[in-house]
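One-letter residues, chain by chain:
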Amino acid sequence: MSIQKSKESFVVHLMNNGFSRAAVSFSKFMGNNIKIASTQSGIARPDDLPVTVSGKGDLYIIVTQVIGELSGKSYLIFNEEQSHSLTMLACHASSVQVNEQMKEAVLTEIDNIISAAVISELSEGLQMEIYGDVPVLKRIPISGLKEFISKENQSMDTSASLICNTAFQLNVDKHIHPQFIWKLSEKIFDMIPSEKLSIR
């Protein structure tokens, strides 16, 4: 295996471990078993953000900036139906009791919990100081997704990025499958401790 392939394999391994930790934390918060439905990783162009849109209504996108010794962002994405159903489950509320304030509080807390799980895995694996900034919730119409992605790309590193994309699925409701995308600077490959590669 080439050095670059070994580096890519190591980082993808870290991210997959992070997603597994996130699923466990997500399950504990919701009180329901949550599994990883699918995961893809790879090097992408600066303008690439593989958001898969389904359902009707608005999208709720929680953006967390990765700060410290590594730069990047995570995007936790729910459609209207998923955000409503998750809030009902988390708050043990009926459909008519759910309001916008409840949704925003639940979705932001979910992001806090599962982003922290991935960041902890990255920080431990890379032996670096990495943190998550305060998450920002953005509610946009599905028709505004292209414009949202364009604005996000303008604010990020113009070099190639590592994209890690996963989807969670709740056993209690197969229709709830939020997307969790991480976009990390390609510089991450230069930050891997040499001893981490020698043992793989």
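Predicted model only: the values in this text are computed from it and were never measured.

Here's the deal with the overall build of the chain
Then, number 1: For the chain, the helix and strand inventory stands at five helices and seven strands.
Then, number 2: Element order for the chain, N to C, with α for helix and β for strand: α-β-β-β-α-α-β-β-α-β-β-α.
Then, number 3: Here the chain holds 200 residues, and 46% of them are scored as buried.
Then, number 4: Within the chain, contacts between residues separated by at least 24 positions form 75% of all contacts whose residues are at least 6 apart in sequence.
Then, number 5: Looking at the chain as shown, the accessible area adds up to about 9,600 Å², and 51% of this sits on carbon and sulfur atoms.

Section: the environment of Lys 183
Then, number 1: As for its position among the elements, Lys 183 is in strand E7 (residues 179-185).
Then, number 2: For the pair Lys 183 and Ser 74, spaced 109 residues apart in sequence, the C-alpha to C-alpha distance is 6.2 Å.

A closer look at the pattern of salt bridges
Then, number 1: Following the criterion strictly, the structure yields seven salt bridges and no others.
Then, number 2: Two residues, Arg 21 and Glu 124, come together in a salt bridge whose shortest N-O distance is 3.3 Å. Linking Arg 21 in helix H1 (residues 3-30) with Glu 124 in helix H3 (residues 100-126), this pair joins segments that are 103 residues apart in sequence.
Then, number 3: On the basis of relative accessibility, which here comes to 51%, the residue Glu 124 falls in the exposed class.
Then, number 4: A salt bridge links Glu 80 to Lys 103, with the shortest nitrogen-to-oxygen separation between them at 3.0 Å. Here Glu 80 is found in helix H2 (residues 80-91), whereas its partner Lys 103 is found in helix H3, with 23 residues between them in sequence.
Then, number 5: Residue class for Lys 103 comes out buried when judged on its relative accessible area of 6%.

Observations concerning the pairing of strand E3 (residues 72-79)
Then, number 1: Within E3, eight of the eight residues are buried, leaving the element largely enclosed by the surrounding structure.
Then, number 2: The two faces of E3 match: Gly 72, Ser 74, Leu 76 and Phe 78 on one face and Lys 73, Tyr 75, Ile 77 and Asn 79 on the other face are all buried.
Then, number 3: Alignment of strand E2 (residues 58-68) against E3, held across eight bridges, turns out to be antiparallel. Of the residues in E3, the one forming a bridge with Thr 64 is Ser 74.

Cut-offs applied
- Residues numbered from 1 in each chain as written.
- Predicted model: local features only at pLDDT ≥ 70, side-chain atom pairs only at ≥ 80, totals over all residues.
- Heavy atoms only, no water.
- Helix = DSSP H or I, 4+ residues; strand = E, 2+ residues; numbered from the N terminus.
- Buried < 20%, exposed > 50% of the residue type's maximum accessible area, 1.4 Å probe, protein only.
- Contact = heavy atoms within 4.5 Å.
- Areas by Shrake-Rupley, 256 points an atom, 1.4 Å probe, with all protein chains shown as cover.
- Salt bridge = Lys/Arg side-chain N within 4 Å of Asp/Glu carboxyl O.
- Pairing = 2+ DSSP bridges.

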